[in-house]
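Reading the structure
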Amino acid sequence: VAELFEARIPKDAGIRMLAAAAWSRAGSVVEAATELSGAIAECEPKLPAELQLVDLYQRIGRMDEALAAARRLVENHADVASPRLLLAELQRRAGRNDEAQTTLHDAAEHLTGEGRFEARSAAAPGARLTLEPQPVSTSTVLPPPRTTSEFSPTGSRYFSSMSGT
């Protein structure tokens, strides 16, 4: 099956990345890394597969390999902000805060446009360097979930709003 799969769609990075994700979920990280490495070597665009490989290494605790792959990303995509920000985040997670700040300052110096803004914002004194979603403020109060009757033409709320009561 794998040979048929690769014979039909050998150069599609998206398909190869999906296969790598499936391997990873099945616990076969070696196969996932092999699939991603193949996508990087044989497919275009390379950046998404390279980012996924860095993420895979990080998730399985191979931080040195994640950092090395992130450095290659920066070299191969010097004009893109995300690899530099990712490298800085990995450096921070590895306890290499000085390296992370140097990476961000380098990005702010060499990038142009939106990438430069992202790097400068992340490198600003007091800025929290992270690529993870920020938690929702506890002061934010969300409304209760709506029930089906509120949206249904037969629901009482629908008719009361229509009649003005």
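See the structure above.
As the structure is a computational prediction, the values presented were derived from the model and not from experiment.

Rules used in this analysis
- Residues numbered from 1 in each chain as written.
- Predicted model: local features only at pLDDT ≥ 70, side-chain atom pairs only at ≥ 80, totals over all residues.
- Heavy atoms only, no water.
- Core = buried A, V, L, I, M, F, W, Y, C linked by side-chain atoms within 4.5 Å.
- Buried < 20%, exposed > 50% of the residue type's maximum accessible area, 1.4 Å probe, protein only.
- Helix = DSSP H or I, 4+ residues; strand = E, 2+ residues; numbered from the N terminus.
- Contact = heavy atoms within 4.5 Å.
- Polar contact = N/O pair within 3.5 Å; in protein donor to acceptor, adjacent residues only side chain to side chain.
- Salt bridge = Lys/Arg side-chain N within 4 Å of Asp/Glu carboxyl O.

The next thing to look at is the nonpolar core. Core analysis: the biggest nonpolar cluster contains 24 residues, and Leu 36, Ala 49, Leu 53, Val 54, Leu 56 and Leu 90 have the highest contact counts within it. Mapped onto this core, the elements with two or more residues apiece are α2 (13–25), α3 (29–42), α4 (47–59), α5 (63–76) and α6 (81–93). Non-local contacts of Val 54, meaning those with residues more than four positions away in its chain, are made with Ala 66, Ala 69, Ala 70, Leu 73, Leu 86 and Leu 90.

What follows covers the side chain of Gln 52. One can find Gln 52 in helix α4. Within the structure, the side chain of Gln 52 is placed 3.2 Å from the backbone oxygen of Met 17, a separation counted as a polar contact. Once residues lying within four places of it in the same chain are set aside, the contact partners of Gln 52 are Met 17, Ala 20, Ala 21 and Leu 36.

Quick look at the pattern of salt bridges now. Under the definition given, this model contains ten salt bridges. Among the ionic pairs, Glu 65 bridges to Arg 62, the shortest N-O distance being 2.6 Å. Across the salt bridge formed by Arg 96 and Asp 64, the nearest N and O atoms sit 3.9 Å from each other. Residue Arg 96 is located in the loop between α6 and α7 (97–110), and its partner Asp 64 is located in helix α5; the two are separated by 32 residues in the primary sequence. Each of Arg 16, Glu 35 and Glu 42 takes part in one network of salt bridges that share partners.

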